[in-house]
Amino acid sequence: MPEIKFYKHEPIPMEMHKVKIVQQLTLLPVDERVKRIKAAGYNTFQLHNGDIFMDMLTDSGVNAMSDNMQSAMLRADDAYAGSETFYRMQKKLEEIFDIHYLLPAHQGRACENILTERFVKPGNCVIMNYHFTTAKAHITRVGGRVEELVKKEGLEPKSDLPFKGDIDLEDLEACIQKETPANVPFIRIESGTNLIGGQPVSYANMKAATDIAKKYGIITVMDASLLQDNLYFIKKREAGMEDKSIREITRMIADLFDIIYFSGRKFGFARGGGILVRDEEMYHSMEDLVPMFEGFLTYGGMSVKEMEAMTVGFDESMDMDVISQGPQFVDYCVRKLDEYGVPVITPGGGLGAHLNAMEFCAHIPQQEYPAGALAAAMYIAGGIRGMERGTLSEERNADGSERFASMELLRLAFPRRVFTLSQTEYVIDRVEWLYDHRDLIGGLRFIHEPKTLRFFTGILEATSDWPEKLAEAYKAEFGADQ
């Protein structure tokens, strides 16, 4: 690997993280990076892993397992039906959440499919603090729609508000009254919010929102995929919670909801998912959908080895020393970038550092996808793969017009137990360089646009030769070999 030259920081050795399994990283020359992002249709999802120096696309399924998680995989019971692995997983989840019934699924979006099939009818309105891409896509697919009622302050890029994912309680009650309770199949609280910067929801807000739901007899659902970050922020930021254990806070939250679902790729650090259901009758109303879409009721499309690892991961997610690592790395990165003047979402949330592309690339019109363009530019500037979280991640309106996102973000995710501080310094350095050369970044346009979830497989092109011009500026600073 070539020596890394830093823009504003002193060189720091790129040491490997102390894990059992490591992967050699390669920083391709900048001209080659331009070729690779062009071949990928300027869509970071379409890059090959070998193209990438630092993969900050997501924390989904790429968090590092602990030694205890890996060793647990050796005792997996690979029975098709009645696997003891399933019962160990169910017992652990019941211990943590005090909910007995578990429907296993292969990941979080499979849980969303089951919930949508069971509860949502054409014309229904599902109320959320904020949507997640697949959750919304499943609901609209069957003719439902989504109302997002996150507090307006939650969409302000720069803030010191500790819980920007809170739902607006007045708007919630008004929306229920307008829609009528019969037309609201459930209220979904995402803990915490993915698309607006990994921002957390307070316990007090969840309690108030679920109280309103109970008043009108509406089912309450929590997406717990990012729960471990949210637990950290509740303990650190919410008054009256500092002396409570993570397990106590988890149980307090769980007691509020009728249904809790999660992606084990995030919560549990393995590949899978599940739906926890409090009511037996409600559980039975969904159980036939698992063998139809996922697999038998004691594996649900998951590898039993992953289920054993996940069961240990649930326990580790109740440990403050474990769950603090991600938010602290994010906070460090956000504070350093903010001090430099880079427009970044504050305060730092979970998941990753989120660059505000609306301001970073203020010269790029929203119809040319500034967050997507910034993601492509970030790869050119450092071999770093991030994820667009803006208009590209939306779907068009029924009339074909663009649905512009409330925020245009480039997410630089921090998979847990993967990156070192020196790698974080490298990211900060390259973001700062790119910010100083932001006027060179141009827009994107579609040449292949899928109807649904277009950000996964869409192919775009640059609106000018801006990628080549950015690369020339990079070579003038760092040389052609990096």
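Let me sum up the structure you'll find in this document. Please read these numbers as outputs of a predicted model, since none were measured by experiment.

## Thoughts on helix H3 (residues 84–97)
Spanning 14 residues, H3 covers 20 Å between terminal C-alpha atoms, matching the ideal 20 Å at 1.5 Å per step. For H3, the secondary structure elements touched by its buried residues are strand E2 (101–105), helix H8 (227–237), helix H9 (246–254), strand E7 (259–263), strand E8 (273–277) and helix H12 (304–316). Among the residues of H3, the N-terminal cap falls to Ser83, whose side-chain oxygen and the backbone nitrogen of Thr85 are separated by 3.1 Å. Phi for Asp98, located one or two positions after H3, is positive at around 60°.

## Regarding the sheet that holds strand E6 (residues 219–223)
Across the sheet, which stays open at both edges, the 7 strands sit in the order E2-E8-E7-E6-E5-E3-E4 with mixed pairing between neighbours. With one partner strand each, in any of the chains shown, E2 and strand E4 (145–148) form the two edges of the open sheet. Taking each pair of neighbouring strands and ignoring which way they run, the sheet shows an average axis angle of 20°. With 5 bridges joining them, strand E5 (residues 186–190) and E6 adopt parallel strand pairing. The residue of E6 that forms the bridge with Phe186 is Ile219. Sheet strands touched by helix H6 (residues 169–179): strand E3 (125–128), E4 and E5. Its angle to E3, the strand with the most contacts, is close to 175°.

## Some remarks on the nonpolar core
Ranked by internal contacts, the top residues of the largest apolar core, which has 60 residues, are Leu355, Phe360, Leu434, Ile441 and Trp466. In terms of residue count, helix H16 (residues 370–382) provides more of this core than any other element does, 10 residues in total. Excluding its chain neighbours within four sequence positions, the residues that come into contact with Ile441 are Phe360, Cys361, His363, Ile364, Ala373, Leu374, Ala377, Leu434 and Trp466. Phe86, Ile234, Ile246 and Tyr299 belong to the second-largest nonpolar core, a separate cluster that totals 56 residues.

## Re the packing of H6 against helix H7 (residues 203–215)
Running from N to C, H6 and H7 cross one another at 15°; their axes reach a closest spacing of 10 Å. As far as their axial angle goes, H7 and H6 are roughly parallel. Of the two elements, H6 crosses H7, and the hand of that crossing is right-handed. For the pair formed by H6 and H7, the contact residues are Leu169, Leu172, Glu173 and Ile176 on the first element and Asn205, Ala208, Ala209, Ile212 and Lys215 on the second.

## Looking at the sheet that holds strand E12 (residues 409–413)
Pairing in this open sheet of 3 strands is antiparallel, and the strands run E9-E12-E11 from one edge to the other. Every other strand in the sheet has two partners, leaving strand E9 (352–356) and strand E11 (387–389) as the edge strands with one partner each. Pairwise comparison of adjacent strand axes, ignoring direction, gives a mean angle of 30° for this sheet. Here 3 bridges tie E11 to E12, and the two strands are oriented antiparallel to one another. Residue Met387 lies in a different strand from E12, and its bridge partner there is Arg411. Lying over the sheet, H16 contacts E9, E11 and E12, oriented at roughly 40° with respect to E12.

## Notes on the packing of aromatic side chains
Applying the stated criterion to the full structure yields 22 aromatic pairs. For the ring pair Tyr80 and Tyr299, a centre distance of 5.2 Å and an interplane angle of 65° mean the geometry is edge-to-face. Of this pair, Tyr80 sits in the loop between helix H2 (67–72) and H3 while Tyr299 is found in the loop between helix H11 (289–293) and H12, placing the two residues 219 residues apart along the sequence. Tyr80 gets classed as exposed once you look at its relative accessible area, which sits at 56%.

## Brief notes about the pattern of salt bridges
Scanning all chains against the criterion turns up 34 salt bridges. For Arg271, the salt bridge goes to Glu306, with nearest N and O atoms at 3.6 Å. A residue pair is termed long-range when its members are at least 10 positions apart, and Arg271 in the loop between E7 and E8 and Glu306 in helix H12 qualify at 35 residues. We classify Arg271 as partly exposed; its relative accessible area is 39%. For Glu306, a relative accessible area of 13% gives the class buried. With a shortest N-O distance of 2.9 Å, Asp429 and Arg430 are connected by a salt bridge.

## Structural notes on unusual backbone geometry
For residues other than glycine, phi is negative in most cases, and the peptide bonds are mostly trans. Here the residue pair Ser191 and Gly192 is connected by a cis peptide bond, since its omega of -5° sits within 30 degrees of zero. Here the amide bond leading from Thr346 into Pro347 is cis, since omega sits at -5°, within 30 degrees of zero. Even without glycine at this site, Leu351 takes up a positive phi of about 75°. Along the chain, Leu351 falls in the loop between helix H14 (325–340) and E9.

The rules behind each value
- Residues numbered from 1 in each chain as written.
- Predicted model: local features only at pLDDT ≥ 70, side-chain atom pairs only at ≥ 80, totals over all residues.
- Heavy atoms only, no water.
- Helix = DSSP H or I, 4+ residues; strand = E, 2+ residues; numbered from the N terminus.
- Expected span 1.5 Å × (residues − 1).
- Contact = heavy atoms within 4.5 Å.
- Polar contact = N/O pair within 3.5 Å; in protein donor to acceptor, adjacent residues only side chain to side chain.
- Pairing = 2+ DSSP bridges.
- Axes fitted to C-alpha atoms, helices over the stretch in contact; angles between N-to-C directions.
- Core = buried A, V, L, I, M, F, W, Y, C linked by side-chain atoms within 4.5 Å.
- Buried < 20%, exposed > 50% of the residue type's maximum accessible area, 1.4 Å probe, protein only.
- Parallel < 35°, antiparallel > 145°, perpendicular 65-115°, else oblique.
- Left-handed = near helix turned anticlockwise from the far one by under 90°.
- Phe/Tyr/Trp six-rings, centres within 6.5 Å; stacked < 30°, edge-to-face > 60°.
- Salt bridge = Lys/Arg side-chain N within 4 Å of Asp/Glu carboxyl O.

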